[in-house]
Amino acid sequence: MQLETYISDLLYRYECVTIPEFGAFLTQRVSATIHETTNAFYPPSKTVSFNEQIQKNDGLLAHYIADVEKIPFEVASKKIEKRVHILKNYLTQGETLTFKNIGEIVFNSEGKIVFEPSNHLNYLTDSFGLSQFVSPKVTREVYKKEVEKIEKVIPIAITPEKRKTAPSYLKYAAIALVALTLGGLGGANYYVNKVEEHNQLAQEEAAQQLDSKIQQATFNLNPFPAINLNVTKQTGNYHIIAGAFRFEENCNKKVQQLKAEGFSARKIGVNRYGLHQVVYASYEDRLEALKALRTIKNTHNIDAWLDVRKLD
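Described in the following lines is the structure provided in the data block. Only a predicted model underlies this, so the values are computations on that prediction, with no experimental measurement involved.

Two packed helices can be described by the angle between their axes and the distance between those axes. It is at 8 Å that the axes of helix 2 (residues 60–69) and helix 3 (residues 73–92) come closest, and there the two elements cross at 115°. Judged by the angle between their axes, helix 2 and helix 3 are roughly perpendicular. When the axes of helix 2 and helix 3 are compared, the crossing they make is right-handed. Each of Leu61, Ala62, His63, Ile65, Ala66 and Glu69 in helix 2 lies in contact with helix 3, whose residues at this interface are Phe73, Ala76, Ser77, Lys79 and Ile80. Of the residues belonging to the contact of helix 2 with helix 3, the class tally is seven nonpolar, two polar and two charged.

Below is the structure:
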């Protein structure tokens with residue numbers, strides 16, 4: 001009798017398969033894992049362990065053997081008992097018991113049972129068809145520490161500007177020379193302060209020139225024709241709901257879509273479920289709202305519905 005075959009079949013469906021007067025094989029679900037060094041991905045699985053303290057006959061294994069071999073339950077129990085006697089003799093003689101696709105059992109130097117599970121079979125049916133695979137290592141760009149230190153000390157960016165006269169270039173060259181001579185952060189700060197001072201003076205001079213040109217200019221402004229806009233504010237307590245959205249961005253898109261299709265769409269706020277509601281239109285008269293709802297259901301959206309409430 002291939003006892004390990006029957007045990008293996010039952011491990012797919014049960015978390016505990018007991019061999020009477022010998023011990024029990026237990027399974028426990030483990031999540032998917034990633035090997036840190038090999039980058040191998042392993043699917044969810046069941047780990048198998050062995051507990052020699054659980055030896056009480058629960059009838060599971062005997063019933064399964066009796067059903068498969070078409071024999072009485074008592075006969076199946078006797079066959080298990082005989083097989084257990086042989087297994088114990090092998091262990092006492094120092095041999096290793098190999099249960100195919102389950103694991104190996106052996107006595108250690110202290111006379112205790114040691115179980116080494118097999119990883120050749122995944123007993124988790126949810127992972128059927130899934131196998132391990134190796135993914136290329138994800139590399140990330142590493143910035144040099146020296147560059148980071150420099151950016152923390154002097155986080156500035158200087159854009160060169162064109163100057164009209166030679167004295168301006170000479171002045172900037174002199175400032176840069178002083179900054180380089182001083183060295184380090186103090187020289188850089190001195191240089192930046194001089195550049196900011198010069199930029200401020202240049203902006204003030206440009207503003208004065210602009211004011212002077214504005215005072216000299218003559219403007220002839222012709223009045224534009226008036227534009228009259230007729231805006232109808234939607235009122236009423238009868239609202240034809242087009243949809244409700246978790247994100248307001250989707251709500252805005254729906255409003256724009258319905259307006260493009262000719263509806264007087266708008267947002268009417270957030271309902272008690274935290275969803276942003278969009279309406280095709282709102283009506284003062286209930287009969288008029290029901291008539292519009294019937295038309296919308298027949299031509300545009302069968303899921304549209306009527307919400308009757310007073311808006312704040």
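Our focus in this paragraph is the packing of aromatic side chains. What describes a pair of aromatic rings is the distance from one ring centre to the other and the angle between the planes of the rings. Applying the stated criterion across every chain, the model contains eight aromatic pairs. Measuring from centroid to centroid gives 5.7 Å for Phe25 and Phe115, while their planes differ by 65°, and the two rings are edge-to-face. Here Phe115 lies in strand 8 (residues 113–117) and Phe25 lies in strand 2 (residues 23–30), a separation of 90 residues in the sequence. Assessed through its relative accessible area of 0%, Phe25 is described here as buried. Classification of Phe115 by relative accessible area gives buried; the value is 15%. With a centroid separation of 6.2 Å and an interplanar angle of 35°, the aromatic rings of Phe50 and Phe115 are classed as tilted. Here Phe115 lies in strand 8 and Phe50 lies in strand 5 (residues 45–51), a separation of 65 residues in the sequence. With respect to burial, Phe50 and Phe115 carry one shared label: buried. An aromatic cluster of three or more residues is present, and its members are Phe22, Phe25, Phe50, Phe99 and Phe115.

Attention now moves to the pattern of salt bridges. If you walk through the whole model with that rule in mind, you get four salt bridges. A salt bridge links Lys267 to Glu248; the nearest nitrogen and oxygen atoms lie 2.9 Å apart. You can see Lys267 sitting in strand 11 (residues 266–270) and its partner Glu248 sitting in helix 7 (residues 248–260), a full 19 residues away along the chain. Among the residues examined, Lys267 registers a relative accessible area of 37% and is labelled partly exposed. Ionic pairing is found between Glu249 and Lys253, a salt bridge with its closest N-O pair at 3.8 Å. Taken together, the positions of Glu249 and Lys253, both in helix 7 and four residues apart, correspond to about one turn of that helix. The pair Glu249 / Lys253 is uniform in exposure class, with both members exposed.

Scoring rules and cut-offs
Residues numbered from 1 in each chain as written. Predicted model: local features only at pLDDT ≥ 70, side-chain atom pairs only at ≥ 80, totals over all residues. Heavy atoms only, no water. Axes fitted to C-alpha atoms, helices over the stretch in contact; angles between N-to-C directions. Helix = DSSP H or I, 4+ residues; strand = E, 2+ residues; numbered from the N terminus. Parallel < 35°, antiparallel > 145°, perpendicular 65-115°, else oblique. Left-handed = near helix turned anticlockwise from the far one by under 90°. Contact = heavy atoms within 4.5 Å. Nonpolar A, V, L, I, M, F, W, Y, C, P; charged D, E, K, R; others polar. Phe/Tyr/Trp six-rings, centres within 6.5 Å; stacked < 30°, edge-to-face > 60°. Buried < 20%, exposed > 50% of the residue type's maximum accessible area, 1.4 Å probe, protein only. Salt bridge = Lys/Arg side-chain N within 4 Å of Asp/Glu carboxyl O.

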